[in-house]
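One-letter residues, chain by chain:
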Amino acid sequence: CVAITARGMIRAGIITKVAHDACSSRRPADHAVALDLMRSGGVAITTTETVILDWLGGATHPAFKELSRRIK
């Protein structure tokens, strides 16, 4: 479902990122293939940690230290 939605967003001209560690499949091979299909279709594959830190906008955000500690 994530792969289909992400690829549709790319086709609609929307910059799309997917956190690989926030998605799953019944089989590891299916997960890997879906990530490859998304990547080859223009989806940026990232991590949950990177998404959170991007949302904060950097270390100057008041919540940075707390979230950074929790991520570790």
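Each chain has its residues counted from 1, running along the sequence as written. Per-residue local features are limited, in this predicted model, to residues with pLDDT of at least 70; the limit for side-chain atom pairs, both in listing and counting, is 80 or more; totals at the level of whole chains, interfaces and linings are taken over all residues. Here the side-chain values reflect all heavy atoms present in the structure, with hydrogen atoms and water set aside.

(A) Seen up close, the nonpolar core. By size, the foremost hydrophobic cluster in this structure holds seven residues: A3, A6, V18, A34, L35, M38 and V43. In this text, helices come from DSSP runs of H or I with a minimum length of four residues, and strands from runs of E with a minimum of two, each type numbered from the N-terminal end. Looking at this core, the elements with two or more residues in it are α1 (2-11) and α2 (28-40). Among the elements that line this core, the one with the most residues is α2, at three residues. Any two residues having at least one pair of non-hydrogen atoms within 4.5 Å are treated as being in contact. What V18 contacts, discounting residues up to four positions off in sequence, is V2, A6, C23, M38, V43, A44, I45 and T46. To define a nonpolar core, start from buried Ala, Val, Leu, Ile, Met, Phe, Trp, Tyr and Cys residues and group those joined through side-chain atoms within 4.5 Å. When accessible area is computed with a 1.4 Å probe and restricted to protein chains, residues below 20% of their type maximum are described as buried, those above 50% as exposed, and intermediate ones as partly exposed.

(B) Geometry of the packing of helix α3 (residues 48-56) against helix α4 (residues 64-71). Put simply, α3 and α4 touch, their axes get as near as 11 Å, and they point 180 degrees apart. Here α3 lies roughly antiparallel to α4, going by the angle between them. Within the contact between the two elements, α3 uses E49, I52, L53 and L56 and α4 uses F64, L67 and I71. Gly falls in the polar group here, along with every residue not listed as nonpolar (Ala, Val, Leu, Ile, Met, Phe, Trp, Tyr, Cys, Pro) or charged (Asp, Glu, Lys, Arg). Of the residues that constitute the contact of α3 with α4, the class distribution is six nonpolar, no polar and one charged. An axis is simply a line fitted to the C-alpha atoms; with a helix, the fit covers only the stretch in contact. Between two such axes, the angle follows the N-to-C directions and lies from 0 to 180 degrees. When an angle is under 35 degrees it counts as roughly parallel; over 145 it counts as roughly antiparallel; between 65 and 115 it counts as roughly perpendicular; any other value is oblique.

(C) Looking closely at the environment of G42. Position of G42 among the secondary structure elements: in the loop between α2 and β2 (44-46). Expressed as a C-alpha distance, the spacing of G42 and P62, which sit 20 residues apart in the sequence, is 33 Å. Residues within four places of G42 in sequence aside, it is in contact with I10 and T16.

(D) Summary view of the pattern of salt bridges. Salt bridges are identified by distance alone: a Lys or Arg side-chain nitrogen within 4 Å of an Asp or Glu carboxyl oxygen. Scanning the entire structure with this criterion turns up five salt bridges. In this structure, the salt-bridge partner of K17 is D54, at a minimum N-O distance of 3.9 Å. Taken together, the positions of K17 in strand β1 (residues 17-19) and D54 in helix α3 put the pair 37 residues apart, joining distant regions of the chain. Assessed through its relative accessible area of 47%, D54 is described here as partly exposed. Close ionic contact of R39 with D36 constitutes a salt bridge, the shortest N to O distance being 3.2 Å. With R39 and D36 both in helix α2 and three residues apart, this pair spans about one turn of that helix. Given a relative accessible area of 44%, D36 falls into the partly exposed group. A single network of salt bridges, built from pairs that share partners, joins E66, R69 and R70.

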